[in-house]
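The primary structure of each chain is shown beneath.
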Amino acid sequence: MKISKKQIDINSAELYYAILNIIREESKRYEYRPNADQHIVVVDEDGKVYARISMNRFLQESEYLLAEIKNGGSRTFEIPASEAFMNEIGCSLLKAPSKDKADIHIIIHDLRTNMTPNLGFSIKSQLGSASTLLNAGLPTNILYKIEGVEFTDDDIKAINAIKDHLPRMKEIVERGGRMTYSNVEHQTFKNNLLFLDCCMPKFIAECLVVDSLPNATSTIKDAVEMVAVKNPFGFTGNDVVAFYEHKMKVLLLDAALGMTPSKEWKGRYDANGGYLVVRRDGEIVCYHFYNRNDVEDYLYHNTRFERGSRTRHNFGSLFRGDDGCVYIRLNLQIRFKK
């Protein structure tokens, strides 16, 4: 059993990692061990053989599941035959709990080091809806003060009545308003960002501002390049874009492999192996953490900002604070591009 390692464009490369065991933690711990007679032996946490199924059967079931997913489109639907096979192999959950970044643990044989590490991998699929990298919520709200213009209560009401986010932001700008970073409201998330980089809270705030401009494309790469033009930290090196790009890659990598907004982050990765990406054709491509630059480049070139919900996350509406000033909240959510 092999998985291929690859690059930004998600085309497979001629480099493979041999899989010795696959481990899943569900209601019980199961190991999936390939043997010499072309079977997968499923062993439970007590060391008992739960099932013994031919590799050819796994291949047939995976091909059937891929075809059904492609035929189903983006809607939610059931595949009874695949559910029956999942029960047969002790697989009851489609994904790990949201608090866990590692969806699966794999023991591989690394031919370069001759080691057999147990590595956690996060799984992302290009089948169906685009996956999230960092989920929106009240902890990811960022507060801005509106400066450069005085808004009356009637002005605030009129702007908030504009339904869509970008037209609402355009109205603020055209009236002379500018959004100035005030605070990350959730202290744990603010601390996590500071843990990554003391400039990170303001940097992310700047990215969300440029993503709210009328010409915004929402891609991470475009937003970073627009911030680099502004150069809010006054970097004077030869490559200003690289300075800001590095900061974003630090955030993306840590959010991908371990950090969550509402839990204190101490720098330890759950998904210490990297990323497994299921391409649209069903091939599995591995972005191994050993090749950290590849992982960072993949995340940087394949993610975008997603604008939050006004009703769920207090996103994008003007309000007057206790100090009499006018504020607005933007919300950080990062999703993979399709």
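Right above here is the structure, for reference.
First, a word on what this report is: a plain description of the structure on this page. (Residues numbered from 1 in each chain as written. Predicted model: local features only at pLDDT ≥ 70, side-chain atom pairs only at ≥ 80, totals over all residues. Heavy atoms only, no water.)

Below, the discussion takes up the packing of aromatic side chains. The relation between two aromatic rings is expressed through the spacing of the ring centres and the mutual angle of the planes. A full pass over the atoms with the stated rule returns twelve aromatic pairs. Measuring from ring centre to ring centre gives 5.9 Å for Y275 and F336, while their planes differ by 45 degrees; the resulting arrangement is tilted. Linking Y275 in strand 11 (residues 274-278) with F336 in strand 16 (residues 334-336), this pair joins segments that are 61 residues apart in sequence. The side chain of K249 reaches across the aromatic face of Y300, ending 5.4 Å from its centre. (Phe/Tyr/Trp six-rings, centres within 6.5 Å; stacked < 30°, edge-to-face > 60°. Helix = DSSP H or I, 4+ residues; strand = E, 2+ residues; numbered from the N terminus. Lys NZ or Arg CZ within 6 Å of the ring centre and 35° of its normal.)

This next bit is on helix 7 (residues 220-230). I220, A223, V224, V227 and A228 are the residues of helix 7 that are buried. Mapping the buried residues of helix 7 onto a view down its axis gives an arc of 140 degrees, with all of them on the same face. In this structure, the buried residues of helix 7 make contact with helix 6 (200-211), helix 8 (240-257), helix 9 (292-301), strand 13 (303-305) and strand 16. Just beyond helix 7, the residue with positive phi is N231, at close to 50 degrees. (Buried < 20%, exposed > 50% of the residue type's maximum accessible area, 1.4 Å probe, protein only. Arc of directions from axis to C-beta. Contact = heavy atoms within 4.5 Å.)

Backbone geometry places Q38, a non-glycine residue, at a positive phi of 65 degrees. Mapped onto the elements, Q38 comes out in the loop between strand 3 (29-34) and strand 4 (39-44). If you check the backbone angles, N231 has positive phi at about 50 degrees while not being a glycine. With respect to the element layout, N231 can be found in the loop between helix 7 and helix 8. Classification of N231 by relative accessible area gives buried; the value is 19%.

Further remarks concern the environment of R33. Summarising the element assignment, R33 is placed in strand 3. Expressed as a C-alpha distance, the spacing of R33 and L20, which sit 13 residues apart in the sequence, is 6.7 Å. Residues within four places of R33 in sequence aside, it is in contact with L20, N21, H39, I40, V41 and V43. Reaching out from R33, the side chain makes a polar contact with the side chain of E31 at a distance of 3.1 Å. (Polar contact = N/O pair within 3.5 Å; in protein donor to acceptor, adjacent residues only side chain to side chain.)

Ordered by their spatial adjacency, three strands build an open sheet running 8-16-13, and the pairing between neighbours is antiparallel. Bordering the open sheet on either side are strand 8 (132-134) and strand 13, each of which pairs with just one other strand. With direction set aside, neighbouring strand axes in the sheet form an average angle of 35 degrees. Note that strand 13 and strand 16 share three bridges and pair antiparallel. Bridge pairing links T303 to F336 in strand 16. The strands that helix 9 touches are strand 8, strand 13 and strand 16; relative to strand 13, the one it contacts most, it runs at about 45 degrees. (Pairing = 2+ DSSP bridges. Axes fitted to C-alpha atoms, helices over the stretch in contact; angles between N-to-C directions.)

Moving on, we come to the pattern of salt bridges. Under the counting rule described, the total for this entry stands at 24 salt bridges. Close ionic contact of E174 with K170 constitutes a salt bridge, the shortest N to O distance being 3.9 Å. Here K170 and E174 lie together in helix 4 (residues 165-174), a separation of four residues that amounts to about one turn. Relative accessible area serves as the criterion here: at 55%, E174 is assigned to the exposed category. (Salt bridge = Lys/Arg side-chain N within 4 Å of Asp/Glu carboxyl O.)

So, about the packing of helix 1 (residues 55-72) against helix 2 (residues 80-88). Closest axis-to-axis distance for the helix 1/helix 2 pair is 10 Å, and the angle between their directions is 145 degrees. Between helix 1 and helix 2 the crossing geometry is left-handed. Listed contacts from helix 2 to R57, F58, E61, Y64 and L65 of helix 1 are A81, S82, F85 and E88. Partitioning the contact of helix 1 with helix 2 into residue classes produces five nonpolar, one polar and three charged. (Left-handed = near helix turned anticlockwise from the far one by under 90°. Nonpolar A, V, L, I, M, F, W, Y, C, P; charged D, E, K, R; others polar.)

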